[in-house]
Amino acid sequence: MSRIGKKPIALPAGVEITVDADNLVTVKGPKGTLQEQISKLISVEVKDNEVVFTRGSDAREHRAQHGLARALVNNMVVGVTNGYEKKLQLVGVGYRAEKKGKKLVMNLGFSHPVEMEDPEGITTETPDATTVVVKGIDKAAVGNYAANIRAWREPEPYKGKGIKYDDEVIRRKEGKAGAK
């Protein structure tokens, strides 16, 4: 059995889950509603305020989908109750970010400022000029948008300049030997 797949998900207060005939799981909570299509190889049942996942056989594909289905639904439950957030740090002289309406405007050393519009269901905040916080209820969407922001200037290993995740550690390299 999948160690992750066989663990039931306990539903917190205020969270409702519905599963239709096509295995479309809908999770409603205090922060919003999320939907995910779960593979038909896995059966999803709500029993006694818990969500239980069972698979039809021990075939390789069934085992792979078992843990995945449980993880996806668990991420939705956490998202509609607590939400997700990713913090990004802008490191470099003149690198800064600010919020203008629904747009995130960043100066990253290009000849022009970089403007990114917040996607549906995602909000960005700039507590200070060098920090960007991406928030939302969908874990995948939050991570994807944070990665898109980071892709504008990935951190380089010599000076550490660029956009990095708050908890990311940049492996630093030594510069040219003999340069004094």
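Note: the structure precedes this text.
Keep in mind it's a predicted model, so treat the numbers as computed, not measured.

Student: When you look at the overall build of the protein in this model, what are you seeing that I'm missing?
Tutor: From N to C terminus, the protein includes 2 helices and 13 strands. Since a compact globule built from 180 residues should have a radius of gyration of about 16 Å, the 21 Å found for the protein marks it as more spread out than a globular shape. When contacts within the protein are restricted to residue pairs at least 6 apart in sequence, long-range pairs at least 24 apart make up 49% of them. Accessible surface computed for the protein: about 11,000 Å², of which carbon and sulfur atoms make up 48%. In the protein, 30 side chains carry a positive charge and 24 a negative one; their mean positions are 8 Å apart.

Student: I would appreciate a short explanation of the packing of aromatic side chains in the present structure.
Tutor: What characterises a pair of aromatic rings is the spacing of the ring centres plus the angle enclosed by the ring planes. Here the structure, examined in full by the defined rule, presents 1 aromatic pair. Pairing Phe110 with Trp152 gives two aromatic rings, centres 6.1 Å apart and planes at 70°, and the pair type is edge-to-face. Taken as a pair, Phe110 in the loop between strand S9 (103–107) and strand S10 (114–117) and Trp152 in the loop between helix H2 (139–150) and strand S13 (162–165) lie far apart in primary sequence, 42 residues in all. Taking relative accessible area as the criterion, Trp152 reaches 38% and is therefore assigned partly exposed. It is Lys86 that lies over the ring of Tyr165; its NZ or CZ is 5.3 Å from the centre. The ring of Phe110 carries Arg153 above its face, with NZ or CZ at 4.3 Å from the centroid.

Student: Which parts of the structure should I look at to understand the pairing of strand S3 (residues 24–29)?
Tutor: Put simply, side chains in a regular strand alternate between the two faces of the sheet. For strand S2 (residues 16–19) and S3, the ladder comprises 4 bridges, and the chain directions are antiparallel. Paired with Thr18 across the two strands is Thr26, which belongs to S3. Connecting the antiparallel pair S2 and S3 is a turn made up of 4 residues, with Asn23 showing a positive phi of about 65°. Here 6 bridges tie S3 to strand S4 (residues 32–37), and the two strands are oriented antiparallel to one another. Paired with Lys28 across the strands is Thr33, a residue of S4. Linkage of S3 to S4, two consecutive antiparallel strands, is achieved through a turn of 2 residues.

Student: Can you help me understand the sheet that holds strand S8 (residues 96–100) in this one?
Tutor: Two orientations exist for strands paired in a sheet by backbone hydrogen bonds: parallel and antiparallel. Taking strand neighbours across the sheet as the criterion, the 3 strands line up as S8-S9-S10 in an open arrangement whose pairing is antiparallel. Of all the strands in the sheet, just S8 and S10 have a single pairing partner and so form its edges. Neighbouring strand axes in the sheet, compared pairwise and without regard to direction, differ in orientation by 20° on average. Bridge count for S9 against S10 is 4 bridges, and the pairing is antiparallel. Of the residues in S10, the one forming a bridge with Lys103 is Glu117. Along the sheet, H2 makes contact with S9 and S10, crossing S10 at roughly 170°.

Student: Quick question: what am I supposed to make of the nonpolar core here?
Tutor: Soluble globular proteins tend to bury their nonpolar side chains together. Ranked by internal contacts, the top residues of the largest apolar core, which has 19 residues, are Leu88, Met106, Val132, Val134 and Ile149. At the level of secondary structure, the elements contributing two or more residues to this core comprise strand S7 (84–91), S9, S10, strand S12 (131–136), H2 and S13. Top element by residues in this core is H2. It accounts for 4 residues. Those residues in contact with Leu88, other than ones at most four positions away along the chain, are Thr130, Thr131, Val132, Val134, Ala146, Ile149, Ile163, Lys164, Tyr165 and Asp166.

Student: Would you mind showing me how to read the side chain of Asn23 here?
Tutor: Turning to its location among the elements, Asn23 is positioned in the loop between S2 and S3. A polar atom in the side chain of Asn23 sits 2.9 Å from the backbone oxygen of Ser39. Not counting residues within four places of it along the chain, the set of residues in contact with Asn23 comprises Glu36, Gln37, Ile38, Ser39, Lys40, Ile42 and Val44.

Student: Please clarify how the environment of Glu115 should be interpreted in this entry.
Tutor: You can see Glu115 is positioned in strand S10. On the basis of relative accessibility, which here comes to 48%, the residue Glu115 falls in the partly exposed class. Residues Glu115 and Leu104 lie 11 residues apart in sequence; the distance between their C-alpha atoms is 5.6 Å. Beyond its immediate stretch of four places on either side in the chain, Glu115 contacts Lys103, Leu104 and Val105. A distance of 3.4 Å separates a polar atom in the side chain of Glu115 from a polar atom in the side chain of Lys103.

What counts and what doesn't
Residues numbered from 1 in each chain as written. Predicted model: local features only at pLDDT ≥ 70, side-chain atom pairs only at ≥ 80, totals over all residues. Heavy atoms only, no water. Helix = DSSP H or I, 4+ residues; strand = E, 2+ residues; numbered from the N terminus. Rg over C-alpha atoms; globule rule 2.2 N^0.38 Å. Contact = heavy atoms within 4.5 Å. Areas by Shrake-Rupley, 256 points an atom, 1.4 Å probe, with all protein chains shown as cover. Lys, Arg positive; Asp, Glu negative; His and termini not counted. Charge placed at Lys NZ, Arg CZ, Asp CG, Glu CD. Phe/Tyr/Trp six-rings, centres within 6.5 Å; stacked < 30°, edge-to-face > 60°. Buried < 20%, exposed > 50% of the residue type's maximum accessible area, 1.4 Å probe, protein only. Lys NZ or Arg CZ within 6 Å of the ring centre and 35° of its normal. Pairing = 2+ DSSP bridges. Axes fitted to C-alpha atoms, helices over the stretch in contact; angles between N-to-C directions. Core = buried A, V, L, I, M, F, W, Y, C linked by side-chain atoms within 4.5 Å. Polar contact = N/O pair within 3.5 Å; in protein donor to acceptor, adjacent residues only side chain to side chain.

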